[in-house]
Amino acid sequence: MNEETLEEKLSFTLSKINVFVLVTTLSLVLIIFTTVIIAYTPLREYIPGYASVNLKRDVYTLKLRADSLAKDANQKEIYLANIRKILNDEVMDNETNYTNANNTADSKVDVDPSSLNPSAQDSIFRKEVEGQIKYFGKTINQKQSESDVSVPVAETKVSFKNMFFYTPLSGYVTNVYNPAIKHYGIDIVSAPNQPVKAVQEGYVVISEWALKTGNVIAIQHANNLISVYKHNSALLKKQGDHVDGGEAIAIVGNTGTLSSGTHLHFELWFNGTPIDSREVISFKKYPLK
């Protein structure tokens, strides 16, 4: 109504049905409006309980990376632990483990011999593995002829020898590779304060002092090859350093309880198995003639 003339300007007729329709319509409009905001606009981030889609994606990505880093760190810890065992000459006898494992299996499970016939693929794979065992000198006793190897041993040797190696130390070999007495490397005698050189390019994975082997440095090379240098008087590289082939990495010495004179104990490992480094590196024999 007009306040001055009291003239009626607008009027509403209210009833139960009108009020119900009005309240219902307003409620639907509010619900639709809220749904649109939550589903299609960034304003939902300001509603308690709702997080940013990008934030959720980032959290999920970071969680995957954290899991991957944890697995990678665990694998590296296991890898370094195995290398430390190598440095301390804690190498398990594969033949003993192989025999014990077979005896344990035979004592627990009765197997029908007729069910153990290998397939054609198994036979081919076995021949390849046995050929590698025959060359790299694992302690598992494998008896086979040259015709039983799918990849000739000579070809494997040639492909391995095609890799160039620097001589780690100028000196004379006084003790050779002998896995029977757990001597997995060679001993090289030289004058004091001579530099010890990396046989190939790689990264230092171990550079530390051990009770038995003194100052030890180990280098990871390509093709799953690791070289180990023991009893040094000083280490010139630290863990993680990149070294070139022929670069000085240590000074020859007489450290560790297993050393009785100035010399270098050098080991070469391929796929976790020690090999005779004299087959790929030329050393001087002692005494010199």
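Residues numbered from 1 in each chain as written. Predicted model: local features only at pLDDT ≥ 70, side-chain atom pairs only at ≥ 80, totals over all residues. Heavy atoms only, no water.

Novice: How do you make sense of the overall build of the protein when you look at a structure like this?
Specialist: Along the protein, the regular secondary structure elements total 5 helices and 11 strands. Within the protein, buried positions represent 28% of all 289 residues. Put simply, the protein shows about 19600 Å² of open surface, and 57% of that area lies on carbon and sulfur atoms. (Helix = DSSP H or I, 4+ residues; strand = E, 2+ residues; numbered from the N terminus. Buried < 20%, exposed > 50% of the residue type's maximum accessible area, 1.4 Å probe, protein only. Areas by Shrake-Rupley, 256 points an atom, 1.4 Å probe, with all protein chains shown as cover.)

Novice: Quick question: what am I supposed to make of the pattern of salt bridges here?
Specialist: Proximity of charged atoms lets side chains of opposite charge pair with each other. Taken as a whole, this structure holds 4 salt bridges when the rule is applied. Its salt-bridge partner being E247, residue K237 comes within 2.6 Å of it at the nearest N-O pair. Of the two residues, K237 is situated in the loop between strand 6 (225–235) and strand 7 (242–243) and E247 in the loop between strand 7 and strand 8 (248–252); the sequence distance between them amounts to 10 residues. Salt-bridge contacts for D276 lead to R278; the nearest nitrogen and oxygen are separated by 3.0 Å. (Salt bridge = Lys/Arg side-chain N within 4 Å of Asp/Glu carboxyl O.)

Novice: What am I meant to see in the environment of V228 here?
Specialist: Within the secondary structure, V228 is located in strand 6. Each C-alpha atom of the pair V228 and G185 lies 8.8 Å from the other, and the pair is 43 residues apart in sequence.

Novice: Which parts of the structure should I look at to understand the confidence of the model for the protein?
Specialist: Keep in mind that low pLDDT regions are not for reading the predicted coordinates in detail. When pLDDT is averaged along the protein, the result is 76, and 68% of the positions lie at 70 or above. Element-level mean pLDDT values for the protein span from 44 in helix 3 (residues 94–108) up to 96 in strand 8. Residue range residues 92–109 is modelled with pLDDT below 50. Its contacts to residues more than four positions away, or to other chains, number 7 contacts. This stretch, residues 132–158, has a pLDDT under 50; its non-local contacts, to residues over four places away or in other chains, come to 37 contacts. (pLDDT = per-residue confidence, 0-100. Contact = heavy atoms within 4.5 Å.)

Novice: Where do I start with the side chain of S277 in this structure?
Specialist: Checked against the element boundaries, S277 lands in the loop between strand 10 (273–275) and strand 11 (284–285). In this structure S277 comes out as buried when scored by relative accessible area, which is 2%. Other than its neighbours up to four places away in sequence, S277 contacts I186, F266, L268 and F283.

Novice: Help me understand the packing of aromatic side chains, please; the structure alone is not making it clear to me.
Specialist: Aromatic rings in a pair are described by how distant their centres are and how their planes are angled relative to each other. Applying the stated rule across the entire model yields 4 aromatic pairs. Geometrically, the ring pair formed by Y229 and F266 is tilted, given 5.3 Å between the ring centres and 50 degrees between the ring planes. Here Y229, found in strand 6, pairs with F266, found in strand 9 (residues 263–270); they are 37 residues apart in sequence, far enough to count as distant. Judged by relative accessible area, F266 falls into the buried class, the value being 0%. Their ring planes at 50 degrees and their centres at 6.4 Å tell us that F266 and F283 sit as a pair that is tilted. (Phe/Tyr/Trp six-rings, centres within 6.5 Å; stacked < 30°, edge-to-face > 60°.)

Novice: Which parts of the structure should I look at to understand the nonpolar core?
Specialist: A general trend in soluble globular proteins is that nonpolar side chains are found buried together. Formed by 27 residues in total, the largest nonpolar core has its most connected members in F165, V196, Y229, I249, L264 and F266. Residue assignment for this core shows that the elements contributing at least two residues are strand 2 (185–189), strand 5 (214–221), strand 6, strand 8 and strand 9. With 4 residues, strand 9 is the single largest residue contributor to this core. Ignoring any residue separated from it by four or fewer positions in sequence, one finds V196 in contact with P168, L169, Y229, N232, E247, A248, I249, A250, I251, V252 and L264. Counting residues in hydrophobic clusters, the runner-up holds 10 residues, among them Y184, V205, V216 and W269. (Core = buried A, V, L, I, M, F, W, Y, C linked by side-chain atoms within 4.5 Å.)

Novice: Help me out: how do you make sense of a nonpolar patch on the surface in this one?
Specialist: A cluster of nonpolar residues, L10, F12, L14, V19 and V23, forms a patch on the protein surface that exposes about 580 Å² of accessible area. Its location among the elements puts V23 in helix 1 (residues 16–40). A relative accessible area of 47% means that V23 is categorised as partly exposed. (Patch = residues over 30% accessible without salt bridge, like charges linked within 9 Å, V, L, I, M, F, W, Y side chains within 5 Å.)

Novice: Which parts of the structure should I look at to understand the pairing of strand 5?
Specialist: Both faces of the sheet carry side chains from a regular strand, because those side chains alternate between them. With respect to burial, strand 5 is a largely interior element, 7 of its 8 residues being buried. The turn linking strand 4 (residues 202–210) back onto strand 5 is made up of 3 residues. Two elements, strand 5 and strand 6, share 6 bridges in a ladder whose sense is antiparallel. Counterpart to A218 in the pairing with strand 6 is V228. Taking the residues that link successive antiparallel strands as the turn, the strand 5-strand 6 hairpin has 3 residues, and the phi of N223 there is positive, at about 60 degrees. (Pairing = 2+ DSSP bridges.)

Novice: Is there a simple way to explain the pairing of strand 8 in this structure?
Specialist: Of all 5 residues in strand 8, 4 are buried; the element is thus mostly enclosed. Bridge count between strand 3 (residues 195–197) and strand 8: 3 bridges; the pairing is antiparallel. The residue bridging K197 from the neighbouring strand is A248, located in strand 8. Pairing of strand 6 with strand 8 involves 3 bridges; the strand directions are antiparallel. Opposite A234, over in strand 8, you have I251 as the bridge partner.

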